[in-house]
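# Descriptive structure summary
Each chain is listed here by its residues.
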Amino acid sequence: MAKMYYEKDCDLSNLDGKKIAIIGYGSQGHAHAQNLRDSGCDVIIGLRHGKSWDKAEKDGFEVYTVAEASKKADIVMMLVNDERAAQIYAESVKDNLEPGNAIAFAHGFNIRYKQIVPPADVDVFMAAPKGPGHTVRSQYVAGKGVPCLIAVQQDATGHCRQTALAYIAGIGGARAGIMETTMDIETETDLFGEQTVLCGGVVDLMQCGFEVLVEAGYDPENAYFECIHEMKLIVDLINKGGVAAMNYSISDTAEYGEYVSGPRVLPHDQVKANMRAVLSDIQDGTFAGKWIAENKNGRTFFNSKRDKLAKHPMEIVGKELRDNMLWKDSAEGDKGLDSASN
């Protein structure tokens, strides 16, 4: 069983006298900054000039350039997108770190693949909420928290873990629970889950189901409801009580179909073989290398795939239905997965 920490294990006083610079004011950035401030911490924001700068100032924060904020801070939390973090670090953070400082991340990508290599005399830790920023904020305001992962990558001061636990308590994570891991494990499992199940797998599965029904002559609206809209209902049931609770809540007909047809669509041996190949690319750096190169070369593949998806009937029909249904959710969290952008 992984080591777990809770509020009793965290001491916010470990942040007393420390200035925390939040680099980025996007989904995670605004949540971390506001939660830490409400917990009594000394927080400043580091940004490029732009609309996020104005928003952070409007929210009552002192805002500086990334270099200025990094120079002033004792703890620098990098909450910018993976593909931008290394350049921002090299240009504005690296030379402003002092011995005994800490640099922190909410995802281990740049540490795992050595795009960022902090100096040996600073603490390096990860404080990773397992939820989008708007949820990190709303749960904190409600007196609750979002479960978090903690990892100590480099303990230069001898008390990096205490600092990291205090930081996570400051954003509310200790109210829910903090699980200890490593930045390597977090990165590899996070990328694997996103690519094979949560994003890549689920999106392709929904798209295939939608296309099969439409090609068979069914209305696209019906196809959307059955293969896409109801996905959330099923996942919510699993999230609350596991697969058994989901099966208890659905019809016996649906459960029987799960057993007889699921393996026909996703034959276990072949799917697992494909997943192992994806995992291998993540572990040996192949995927990271491709993603780094994609960003250096203008994102032509990435942008073409994004444009193609936007034009898919599944997306067009879905938007029309959502716009005309009373169950449409509020706009909160539309950028929920953009966990570190500013």
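Here we summarise the structure given alongside this text. (Residues numbered from 1 in each chain as written. Predicted model: local features only at pLDDT ≥ 70, side-chain atom pairs only at ≥ 80, totals over all residues. Heavy atoms only, no water.)

## A word on the overall build of the chain
So the rule is basically this: Here a helix means four or more residues in a row that DSSP labels H or I, a strand means two or more in a row labelled E, and each is numbered from the N terminus. C-alpha atoms define the radius of gyration in this analysis, and the globule rule sets the expected value at 2.2 Å times the number of residues to the power 0.38. Between buried and exposed lies partly exposed: a residue is buried under 20% and exposed over 50% of the maximum accessible area for its type, with that area taken using a 1.4 Å probe on protein chains only. Whether two residues are in contact is decided by their heavy atoms, any of which lying within 4.5 Å being enough. Under the counting rule used here, the positive set is Lys and Arg, the negative set is Asp and Glu, and His together with the chain ends is not counted. Taken as the charge location is NZ of Lys, CZ of Arg, CG of Asp or CD of Glu.
When you go through the chain residue by residue, the secondary structure sums to 15 helices and nine strands. What you see for the chain is a C-alpha radius of gyration of 22 Å, in line with the 20 Å of a compact globule of 342 residues. Principal axes of the C-alpha set define a box for the chain whose edges measure 65 × 45 × 40 Å. Scored against the burial criterion, the 342 residues of the chain give a buried share of 39%. For the chain, contacts bridging at least 24 residues in sequence account for 67% of all contacts bridging at least 6. The centroid of the 36 positive side-chain charges in the chain is displaced by 3 Å from the centroid of its 49 negative side-chain charges.

## Quick word on the pattern of salt bridges
Just so we agree on the cut-off: The salt bridge criterion pairs a side-chain nitrogen of Lys or Arg with a carboxyl oxygen of Asp or Glu, the two atoms within 4 Å.
What the rule picks out here adds up to 11 salt bridges. One salt bridge connects Asp42 with Lys19, and the closest N-O pair in it is separated by 2.9 Å. Here the residue Asp42 occupies a position in strand β3 (residues 42-46), and Lys19 occupies one in strand β2 (residues 19-23), the gap between them amounting to 23 residues. For Asp42, a relative accessible area of 36% translates into the label partly exposed. Across the pair Asp236 and Lys232 runs a salt bridge, and its minimum N-O distance is 2.6 Å. In this pair, Asp236 and Lys232 are both assigned in helix α10 (residues 220-249), four residues apart and thus about one turn of the helix distant.

## Examining helix α7 (residues 160-170)
Taking burial as the measure, the 11 residues of α7 include nine buried ones, the bulk of the element. For α7, the complete set of buried residues consists of Cys160, Thr163, Ala164, Leu165, Ala166, Tyr167, Ile168, Ala169 and Gly170. Gly172 occupies a position one or two residues after α7 and carries a positive phi of about 100°.

## Digging into the side chain of Thr187
Within the secondary structure, Thr187 is located in helix α8 (residues 183-198). Those residues in contact with Thr187 that sit more than four places away from it in its chain are His107, Gly108, Phe109, Arg112 and Tyr113.

## Looking at the nonpolar core
The test is simple: Take the buried residues of types Ala, Val, Leu, Ile, Met, Phe, Trp, Tyr and Cys, join any two whose side-chain atoms come within 4.5 Å, and each joined set is a nonpolar core.
In terms of nonpolar packing, the biggest core is built from 36 residues, with Ile22, Ile45, Phe125 and Tyr167 touching the most fellow members. The leading source of residues in this core is α7, at seven residues. Here Tyr167 is in contact with Leu15, Ile20, Ile22, His32, Leu36, Met77, Phe125 and Ala127, once residues within four sequence places are set aside. With 27 residues, the next largest nonpolar core counts Val80, Ile88, Val124 and Met126 among its residues.

## Some thoughts on α10
Condition: Here the expected span of a helix is defined as 1.5 Å times the quantity of residues minus one. A residue's bend is simply the angle between two axes: one fitted to the seven residues ending at it, one to the seven starting at it.
Compared with an ideal rise of 1.5 Å per residue, which puts 30 residues at 44 Å, α10 spans 26 Å between its outermost C-alpha atoms and falls more than 12% short. Where α10 bends most, at Gly241, the angle is about 125°. Three or more residues of α10 are buried, namely Ala223, Tyr224, Ile228, Met246 and Asn247. As for α10, its buried residues are in contact with α9 (200-215), α11 (252-265) and α15 (313-323).

## Details of the environment of His107
Under the convention used in this document: Polar contacts, as counted here, are pairs of nitrogen or oxygen atoms within 3.5 Å of one another; within protein the pair requires one atom able to donate a hydrogen and one able to accept it, and residues that are adjacent in sequence qualify only if both atoms are side-chain atoms.
Its place among the elements puts His107 in the loop between β6 (102-105) and α5 (109-112). Spatially, the C-alpha atoms of His107 and Thr187 are 6.7 Å apart, while their sequence positions differ by 80 residues. Contacts of His107, omitting those with residues within four sequence positions, involve Asp82, Met126, Met183, Glu186, Thr187, Asp190 and Leu191. A polar side-chain atom of His107 sits 2.9 Å from a polar atom in the side chain of Glu186.

## Looking at the packing of aromatic side chains
Put simply, the test is: Geometry of aromatic contacts follows a simple scheme: Phe, Tyr and Trp rings, the Trp one being its six-membered ring, pair when their centres are within 6.5 Å, and the pair is stacked under 30 degrees between planes, edge-to-face over 60, tilted otherwise. Ring-over charges, as used throughout, are those where CZ of Arg or NZ of Lys falls within 6 Å of the ring centre and within 35 degrees of the ring normal.
Across all of its chains, the model carries four aromatic pairs by this definition. The positively charged end of Arg175 is found above the aromatic ring belonging to Tyr140, 4.3 Å away from the centroid.

## Comments concerning the sheet that holds strand β1 (residues 4-5)
Strand pairing within a sheet occurs via backbone hydrogen bonds; the two strands may be parallel or antiparallel. To keep things clear, this is the line we draw: Two strands qualify as a pair provided DSSP detects at least 2 bridges between them. Angles run from 0 to 180 degrees between N-to-C directions of axes, and those axes are lines fitted to C-alpha atoms, restricted for helices to the stretch in contact.
If you trace the nine strands from one edge of the open sheet to the other, you get β1-β9-β8-β7-β6-β5-β2-β3-β4, paired in mixed fashion. Each end of this open sheet is capped by a strand with a single partner; those strands are β1 and β4 (63-64). Strand direction decides the pairing type here: strand β5 (residues 75-78) and β6, joined by four bridges, are parallel. By the bridge assignment, Val76 is partnered in β6 with Ile103. Contacts from helix α4 (residues 82-93) reach β2, β5 and β6 within the one sheet, and its direction differs from that of β5 by about 150°.

## Regarding the side chain of His312
Turning to its location among the elements, His312 is positioned in the loop between α14 (300-310) and α15. The class of His312 is buried, set by a relative accessible area of 12%. For His312, the side chain forms a polar contact with the main-chain nitrogen of Met314, separated by 2.9 Å. Among all residues touching His312, those that are not within four sequence positions of it are Gln207, Phe210 and Glu211.

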